[in-house]
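Chains, contacts and geometry: an overview
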Amino acid sequence: MFNKSKSPGIGQIWNWKITAACALILLFVCTLAISFGPIHLGFVDIVKTLLGAGGLSGQDRTVLIDLRLPRMILAALVGAALATSGAVYQTVFRNPLADPYLLGAASGAGLGATIAITNSGGNIYGWLPIFSFVGATLAVMTSFFISGKFFAEPNTLLLSGIAVGSFATAVQTYLQQRHSNALRPVYNWILGELTVANWSIVSWSSIYILSSILVLVTISKKLDGLLLSDEESFSLGIDPNKLRMIAVAAATLATATAVSASGLIGFVGIVVPHLVRGVTHRVTNRSLATIALVGAAFLVLADLGARTILSPAELPIGVITAFVGAPFFLFVLRTRRVSHS
Amino acid sequence: MIKVEDLTVKIGNNVILNDISLEIPHGHWTCLVGPNGAGKTTFLKVLLGVREYSGSLQDNGVEVYRNHKRNVAFVPQNPEIPTGMTVAEYVALGRSKVDGWGNETIASRKFIHDVLVQTQLYGMHQRHVAQLSGGEMQRALIARALAQEPQLILLDEPTSALDLHHQISVLNNIEMLKSRGVTVISTMHDITLAAMYAERIVVMQSGKALLDGKASEVIHSAELRTAFDNRINVYTLDSGRPVIVASKDDSTN
């Protein structure tokens, strides 16, 4: 409807062709990710295997089905979850530097993971996702509880998120101090890792992440109203407190799931929304589906880098995202300052 | 008709609005005047439906609190300015209630275009709202309200911090809304301007409505002077137009 040349010239608010283009980019990146690695798999063979028409066999088939495919899908899910949650938090808190870990999700998950690692004898990875998920959710809920009335003041919630985060980090540090053998696994987890990806993790995390993103994309057009004051958004037909509650709950569920499935992967939640908004010059949340697609592509690509740059050794994926993310973050800060001066 | 009966608003133990009862007719411009802290802005928010109150506030027989069925535009004194949003997008938000969020029809886009032209914003509609001057921002707010096609528009100090030229331009835009049958309720610190544009004036002080009535009558009333601690003088120009100016404190003479 927006693309009709006959409509009056007030400019397009969002062009859905961009969303379609990003979906194609994601598809391309995913194909690269399952082809490349220490063992190269041919594109035609991959397609044949996936369609069940012969193709790969033996070790190659195992590499594709049990290693690369779940890992690629998990990277895409986590990237989409973090990017979407970041964009939503930035809108809800009207703060362009907000990230998905703002309300204590990261520190809560970190504490949960540390408890799992320090207390489990053998099967660390069985308990780790559950503990970190519970930790992240509890931390965010505590932030809500401390801030008192739900969203009476977004800044209060933000500050209580910082307080809860510091507390969880303090407990985590204490536990690490007491169990020095846990330092390395905790450290690896904090840097983020997708090496543990398997179909079981993919299946449960996809349920939470996809349903959260579905909710967020459904309400994305309304989210623009939260960029205004509460009185203005109310006058435009929104119940701002209710909408913020839904948005934060869905974004938190997606973040907690992403963190528990893959550890702490930084900067995706800030870099991707700003990248999409910067390139399209559009601040509207109609871009949320696109942000999810680009987030997925970004993390699949970052994971490909993590697997191949020092091949056969692996870099933690958090190193790659931070390596790209940190300079970009400074760039965002700088352009913000320029636009405000 | 907006009917206010025994309206009281409290924040903790502070009484912000104290037992207000009055009637505001539709189709007119009513202005709330009074010193800072009189409760004018709170009264506007109650009229919008976002603030809890005791007593009754009915718009055409329906209580206003959290009532989303009314189409009321709100122009705040200090709006939240969304970074990176263009003027066209900002004004288009006004169609949300009519079309549903993000579902502007072709007719709506035409309407937004016309509103931008009327408010002299067309040409700068691709600029970011954050880059607008105070006067332009105020016009963008009015344009969004126009796009909303409201039954009632509430404006909090629409002319504060504007130079005289922009004050007149904004007030003329509000008159344009009124000419389309929209009920206008505003606060205004400049009582001379209030008397010039508004048909009815409500005088407020310390959370109470001291007087309400026709602008021409209220302006010469003792209540208006009381509200400002007798520190204003009302003069009448040869044209019959009243001019209200601050008087020097007598006790210092």
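Residues numbered from 1 in each chain as written. Chains lettered and ligands numbered in written order. Predicted model: local features only at pLDDT ≥ 70, side-chain atom pairs only at ≥ 80, totals over all residues.

**Comments concerning the overall build of chain B**
- Along chain B, the regular secondary structure elements total 9 helices and 12 strands.
- Taken against the 2.2 N^0.38 rule, which gives 18 Å for 253 residues, the C-alpha radius of gyration of chain B at 19 Å falls within 12% of a compact globule.
- For chain B, the spread of C-alpha atoms along the three principal axes comes to 60 × 40 × 30 Å.
- The contacts of chain B with a sequence gap of at least 6 include a subset with a gap of at least 24, amounting to 63%. (Helix = DSSP H or I, 4+ residues; strand = E, 2+ residues; numbered from the N terminus. Rg over C-alpha atoms; globule rule 2.2 N^0.38 Å. Contact = placed C-beta atoms within 7 Å.)

**Points about the overall build of chain A**
- Helices and strands together make up the secondary structure of chain A, namely 14 helices and 0 strands.
- Each helix (α) and strand (β) of chain A, taken in turn from the N terminus, gives the series α-α-α-α-α-α-α-α-α-α-α-α-α-α.
- The globule rule puts the C-alpha radius of gyration for 341 residues at 20 Å, and the 21 Å found for chain A is close to it.
- When its C-alpha atoms are laid out on the principal axes, chain A stretches across 60 × 60 × 35 Å.
- Relative to its full complement of 341 residues, chain A shows a buried share of 50%.
- Restricting to contacts in chain A with at least 6 residues of sequence separation, those with at least 24 account for 75%. (Buried ≥ 20, exposed ≤ 12 C-beta atoms within 10 Å, placed from the backbone.)

**So, the domain arrangement of chain B**
- Partitioning chain B into structural domains gives domain 1 (2–70 + 151–252) and domain 2 (79–148).
- Between domain 1 of chain B and domain 2 of chain B, the contact holds 9 residues from the first and 8 residues from the second. (Domains from an automatic or database assignment.)

**Comments concerning the interface of chain B and chain A**
- Counting residues at the interface gives 32 residues for chain B and 26 residues for chain A.
- For the side of chain B that touches chain A, the element with the most residues is helix α4 (residues 106–118) of chain B, which contributes 6 residues.

**As for the sheet that holds strand β6 (residues 72–75) of chain B**
Residues and elements named next belong to chain B.
- Spatially, the 6 strands line up as an open sheet ordered β6-β7-β8-β3-β9-β10, and their pairing is mixed. A strand with exactly one partner marks an edge of an open sheet, and here the two such strands are β6 and β10 (208–214). Pairwise comparison of adjacent strand axes, ignoring direction, gives a mean angle of 15° for this sheet.
- Bridging between strand β7 (residues 152–155) and strand β8 (residues 183–187) involves 4 bridges; their strand directions are parallel. (Pairing = 2+ DSSP bridges. Axes fitted to C-alpha atoms, helices over the stretch in contact; angles between N-to-C directions.)

**Re the nonpolar core**
- Core analysis: the largest hydrophobic core is formed by 180 residues, its most contacted members being V300(A), V91(B) and L154(B).
- The element that contributes the greatest number of residues to this core is helix α3 (residues 58–92) of chain A, accounting for 17 residues.
- Each of domain 1 (2–70 + 151–252) and domain 2 (79–148) of chain B gives at least three residues to this core.
- Those residues in contact with V300(A) that sit more than four places away from it in its chain are V29(A), C30(A), A33(A), M72(A), A75(A), A76(A) and G79(A). (Core = buried A, V, L, I, M, F, W, Y, C linked by C-beta atoms within 7 Å.)

**Section: helix α12 (residues 268–280) of chain A**
Residue and element names in this part refer to chain A.
- The terminal C-alpha atoms of α12, which comprises 13 residues, lie 18 Å apart, in line with the 18 Å expected from a rise of 1.5 Å per residue.
- Where α12 is concerned, the buried positions are V268, G269, I270, V271, V272, P273, H274, V276 and R277.
- Remark: H281 follows α12 within two positions and exhibits a positive phi of approximately 55°. (Expected span 1.5 Å × (residues − 1).)

**Overview of the sheet that holds strand β5 (residues 62–63) of chain B**
All names here are of chain B.
- In spatial order, the strands read β2-β1-β4-β5; together these 4 strands make up an open sheet with antiparallel pairing. Strands with a single pairing partner mark the edges of an open sheet, and in this sheet they are β2 (14–24) and β5.
- Inspection of the sheet shows strand β1 (residues 2–11) paired to strand β4 (residues 54–59) by 5 bridges, in the antiparallel sense. Note that in β4 the partner of V4 across the bridge is L57.
- Along the sheet face, helix α1 (residues 40–48) touches β1, β2 and β4 and points at about 60° away from the line of β2.

**Here's the deal with the environment of G225(A)**
- Looking at the element boundaries, G225(A) is found in the loop between α9 (220–223) and α10 (230–235).
- Sequence separation between G225(A) and A250(A) is 25 residues, and the spatial gap between their C-alpha atoms is 18 Å.

**Some thoughts on the confidence of the model for chain B**
- Per-residue confidence for chain B gives a mean pLDDT of 90; residues scoring 70 or more make up 98%.
- Here the predicted complex carries an ipTM of 0.91, next to a pTM of 0.88. (pLDDT = per-residue confidence, 0-100.)

**Notes on the environment of G27(B)**
All names here are of chain B.
- Structurally, the position occupied by G27 is in the loop between β2 and β3 (29–33).
- Accessibility expressed as a C-beta count within 10 Å gives 12 for G27, which makes it exposed.
- The spatial distance from the C-alpha of G27 to the C-alpha of Q151 is 8.8 Å, given a sequence separation of 124 residues.
- Residues in contact with G27, not counting those within four places in the same chain, are G181 and T183.

**Topic: the packing of α3(A) against helix α11 (residues 240–262) of chain A**
Residues and elements named next belong to chain A.
- One way to put it is that α3 packs onto α11 with a least axis distance of 9 Å and a crossing angle of 145°. Crossing geometry of α3 relative to α11 is assigned as left-handed. Facing L74, V78, A81, L82, T84, S85, V88, Y89 and V92 of α3, the residues of α11 in contact are R244, A247, V248, A251, A254, T255, T257, A258, A261 and S262.
- For the contact of α3 with α11, the residue count by class is 13 nonpolar, 5 polar and 1 charged. (Left-handed = near helix turned anticlockwise from the far one by under 90°. Nonpolar A, V, L, I, M, F, W, Y, C, P; charged D, E, K, R; others polar.)

**What to know about the packing of α12(A) against helix α13 (residues 288–308) of chain A**
Residues and elements named next belong to chain A.
- Between α12 and α13, the shortest axis-to-axis distance is 9 Å and the interhelical angle comes to 125°. In terms of their interaxial angle, α12 and α13 are classed as oblique. The two elements α12 and α13 cross, and the hand of that crossing is right-handed. Along the contact surface, α12 presents V268, V272, P273, L275 and V276, while α13 presents T290, I291, V294, G295, F298 and L299.
- Its residues placed into classes, the contact of α12 with α13 shows 9 nonpolar, 2 polar and no charged. (Parallel < 35°, antiparallel > 145°, perpendicular 65-115°, else oblique.)

**Comments concerning unusual backbone geometry**
- Positioned with a positive phi, R94(A) is a non-glycine residue whose angle comes to about 45°.
- Residue position: R94(A) is located in the loop between α3 and α4 (105–119).
- Phi at E149(B) is positive, roughly 45°, even though this residue is not glycine.

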